[in-house]
Amino acid sequence: MRDEVDELVEAWTRERSDLDLAPVAVFSRISRLARHLDLARRAAFTQHGIESWEFDVLAALRRAGVPYELSPGRLLRETLVTSGTMTNRVDRLAARGFVERYPDPEDRRGVIVRLTAEGKTAVDGAFEALLEAEKTFLAGLPTKDRTKLAALLRTLLAPFS
């Protein structure tokens, strides 16, 4: 089976046979797959009335488990954004009724952000739709290959963790 990356590598090989093009064969495919995944994510989230950044915050709260709440600092670590960005995001999610703030019982100066029932419904629906799309992407790979691919990608990502 051939794809457009094979053609790209062949063209570069013809033009720059002095270079090792093995990374292009891997990362051009990852880049193309990431683009398709991004489109599927947007479609899944749009179907449930949320944007990607909203999903990131709501999903962090949902993964926290009952009562689905985190401090803003913990949300920062979970979503890798700045405090100003997080404040803006929480404000916007609160305005939509997806989260609520309340005083932190452990720190009088702090607040806790909690997922509302409406937020939980939105993030659960979006996550289910995303999983269906991702399953479609993986449908051509046997389970053992999926496990192997996940392990290989983990190895590639390890230096960035």
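Residues numbered from 1 in each chain as written. Predicted model: local features only at pLDDT ≥ 70, side-chain atom pairs only at ≥ 80, totals over all residues. Heavy atoms only, no water.

Caption draft 1: Examining the pattern of salt bridges more closely. Under the definition given, this model contains 20 salt bridges. Across the pair Asp18 and Arg16 runs a salt bridge whose closest N-O atoms are separated by 2.7 Å. Salt bridges linked by common partners bring Asp3, Asp6 and Arg29 together as one network. (Salt bridge = Lys/Arg side-chain N within 4 Å of Asp/Glu carboxyl O.)

Caption draft 2: Quick look at the packing of helix α1 (residues 4–15) against helix α2 (residues 22–47). Direction vectors running N to C along α1 and α2 enclose 140 degrees, while the axes themselves pass 10 Å from each other. It follows that α1 is oblique to α2 by the angle criterion. Read as a crossing pair, α1 and α2 show a hand that is right-handed. Residue-level inspection shows Glu4, Val5, Asp6, Leu8 and Val9 of α1 in contact with α2, the latter providing Val24, Ala25, Ser28, Arg29 and Arg32. Of the residues in the contact of α1 with α2, the class split is five nonpolar, one polar and four charged. (Axes fitted to C-alpha atoms, helices over the stretch in contact; angles between N-to-C directions. Helix = DSSP H or I, 4+ residues; strand = E, 2+ residues; numbered from the N terminus. Parallel < 35°, antiparallel > 145°, perpendicular 65-115°, else oblique. Left-handed = near helix turned anticlockwise from the far one by under 90°. Contact = heavy atoms within 4.5 Å. Nonpolar A, V, L, I, M, F, W, Y, C, P; charged D, E, K, R; others polar.)

Caption draft 3: Representation of the UniProt feature "domain: HTH marR-type" (unreviewed entry) in the protein. When the UniProt feature table is mapped to this numbering, "domain: HTH marR-type" (unreviewed entry) covers residues 23–158. Secondary structure across residues 23–158 comprises 70% helix and 12% strand; the distance between its end C-alpha atoms is 17 Å. (UniProt positions renumbered as here; feature names shortened; annotations may be inferred.)

Caption draft 4: Summary view of the sheet that holds strand β2 (residues 99–104). Taken in spatial order, the three strands line up as β1-β3-β2 in an open sheet, and their pairing is antiparallel. With partners counted over all chains shown, the strands left at the sheet margins are β1 (69–70) and β2, one partner each. The strands touched by helix α3 (residues 52–63) are β1, β2 and β3 (107–115); relative to β3, the strand with the most contacts, the crossing angle is about 100 degrees. (Pairing = 2+ DSSP bridges.)

Caption draft 5: Local environment of the environment of Ala40. Looking at the secondary structure, you find Ala40 in helix α2. Residues Ala40 and Ser52 lie 12 residues apart in sequence; the distance between their C-alpha atoms is 11 Å. Not counting residues within four places of it along the chain, the set of residues in contact with Ala40 comprises Ala133 and Phe137.

Caption draft 6: A look at the environment of Lys144. Looking at the element boundaries, Lys144 is found in helix α7 (residues 143–157). Polar side-chain contacts of Lys144 include one of 3.3 Å to the side chain of Asp145. (Polar contact = N/O pair within 3.5 Å; in protein donor to acceptor, adjacent residues only side chain to side chain.)

Caption draft 7: Expanded view of the side chain of Glu54. Position of Glu54 relative to the elements: it lies in helix α3. Note on Glu54: relative accessible area 3%, which makes it buried. A polar contact of 2.8 Å, which involves the side chain of Glu54, links it to the side chain of Arg96. (Buried < 20%, exposed > 50% of the residue type's maximum accessible area, 1.4 Å probe, protein only.)

Caption draft 8: Expanded view of the nonpolar core. The biggest cluster of nonpolar side chains holds 25 residues, and the ones touching the most others in it are Ile50, Leu58, Leu61 and Leu75. Contributions of two or more residues to this core are made by α2, α3, α5 (83–95), β3 and α6 (117–138). A total of seven residues in this core trace back to one element, the largest contributor, which is α3. What Leu75 contacts, discounting residues up to four positions off in sequence, is Val57, Ala60, Leu61, Leu70, Met86, Val90 and Val113. (Core = buried A, V, L, I, M, F, W, Y, C linked by side-chain atoms within 4.5 Å.)

Caption draft 9: Here's a closer look at the environment of Arg42. Of note, Arg42 is situated in helix α2. Considered as a pair, Arg42 and Ala126 are 84 residues apart in the sequence and their alpha carbons are 9.6 Å apart.

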